[in-house]
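Survey of secondary and tertiary structure
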Amino acid sequence: MQEQPPTRQIRATHTETTLTVYQAYSPSLGLPAAGTGRFPPAWKRERMTWIKPSFLWMMYRCGWATKTGQETVLAVEITREGFDAALRGACLSHYARGVHPDRTAWQRALRESSARVQWDPERDLHLNPLPYRSLQLGLSGPDSGAYADEWTVSIRDVTPLVREIHGLLRRGEAGAARALLPVETPYPAGPLAHLGA
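What counts as what
Residues numbered from 1 in each chain as written. Predicted model: local features only at pLDDT ≥ 70, side-chain atom pairs only at ≥ 80, totals over all residues. Heavy atoms only, no water. Phe/Tyr/Trp six-rings, centres within 6.5 Å; stacked < 30°, edge-to-face > 60°. Helix = DSSP H or I, 4+ residues; strand = E, 2+ residues; numbered from the N terminus. Buried < 20%, exposed > 50% of the residue type's maximum accessible area, 1.4 Å probe, protein only. Lys NZ or Arg CZ within 6 Å of the ring centre and 35° of its normal. Pairing = 2+ DSSP bridges. Axes fitted to C-alpha atoms, helices over the stretch in contact; angles between N-to-C directions. Contact = heavy atoms within 4.5 Å.

Under the defined criterion, the tally for this structure stands at eight aromatic pairs. Centre to centre, the rings of Tyr-25 and Phe-39 are 6.4 Å apart; their planes meet at 75 degrees, and the pair counts as edge-to-face. Of this pair, Tyr-25 sits in strand S2 (residues 18–25) while Phe-39 sits in the loop between helix H1 (27–36) and strand S3 (49–51), and the two are 14 residues apart along the sequence. Classification of Tyr-25 by relative accessible area gives buried; the value is 14%. A relative accessible area of 4% places Phe-39 in the buried class. Where Phe-39 meets Trp-43, the ring centres are 4.7 Å apart and the plane angle is 35 degrees; that geometry is what we call tilted. Classification of Trp-43 as buried rests on a relative accessible area of 4%. Taken together through their ring pairs, the aromatic side chains of Tyr-25, Phe-39, Trp-43 and Tyr-147 make up a single cluster. For the cation-ring pair, Arg-123 lies above Tyr-60, with the distance from its terminal atom to the ring centre recorded as 3.6 Å.

Across the sheet, three strands lie side by side as S2-S4-S8; this open sheet has antiparallel pairing. Of all the strands in the sheet, just S2 and strand S8 (152–157) have a single pairing partner and so form its edges. With strand direction ignored, the average angle separating the axes of adjacent strands in the sheet is 25 degrees. Where S2 lies against strand S4 (residues 72–79), eight bridges are found, and the strand directions are antiparallel. Across the sheet, residue Ala-24 finds its bridge partner in S4, namely Val-73. Lying over the sheet, helix H2 (residues 55–62) contacts S2 and S4, oriented at roughly 10 degrees with respect to S2.

In this structure, Trp-64 is a non-glycine residue whose phi angle is positive, near 55 degrees. Turning to its location among the elements, Trp-64 is positioned in the loop between H2 and S4. What makes Trp-64 buried here is its relative accessible area of 7%. For Leu-127, which is not glycine, the phi torsion reads 70 degrees and is therefore positive. On the secondary structure map, Leu-127 appears in the loop between strand S6 (115–123) and strand S7 (129–139).

Below is the structure:
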């Protein structure tokens with residue numbers, strides 16, 4: 001019997017120097033980003049952006065690239081150095097007793113941080129919630145700009161893969177669909193006590 005992952009653990013496709021995260025955009029933004037490997041000027045660097053290392057959580061969020069404004073799914077390869085720095089400075093997006101001394105301390109940390117973390121239920125192949133959680137990392141201010149212009153190594157349009165996996169699922173070919181999923185393994189982030197993990 002396969003052992004269940006810890007309740008909060010980062011699982012991702014990663015190499016010695018990079019980590020892959022997913023985002024979904026309208027074709028007008030996603031296609032130029034994938035075409036040049038860089039986020040275009042239309043990508044708002046001052047706004048908070050949420051990156052997701054979990055492919056299946058992204059599929060849950062974008063409905064297999066069927067939701068309006070999320071029809072283009074991007075796999076964004078970023079530097080581990082940038083990701084790790086954001087994690088070190090991140091704050092949970094909600095108050096958690098035992099993680100923060102009190103609610104006031106959490107609010108202060110949230111104001112001072114340009115990165116925030118949510119742990120959302122991981123999803124199975126059919127997008128049902130699993131009993132353990134997946135990381136979402138929200139980036140704003142300097143972290144958002146650094147993500148777009150410094151950390152990004154490559155941007156790929158994986159929408160065709162998304163459609164292929166979804167098509168197999170709809171035909172009842174779950175095994176074939178599962179075989180096409182990106183391989184995600186535990187990411188060595190080190191202790192994340194400040195993020196409840």
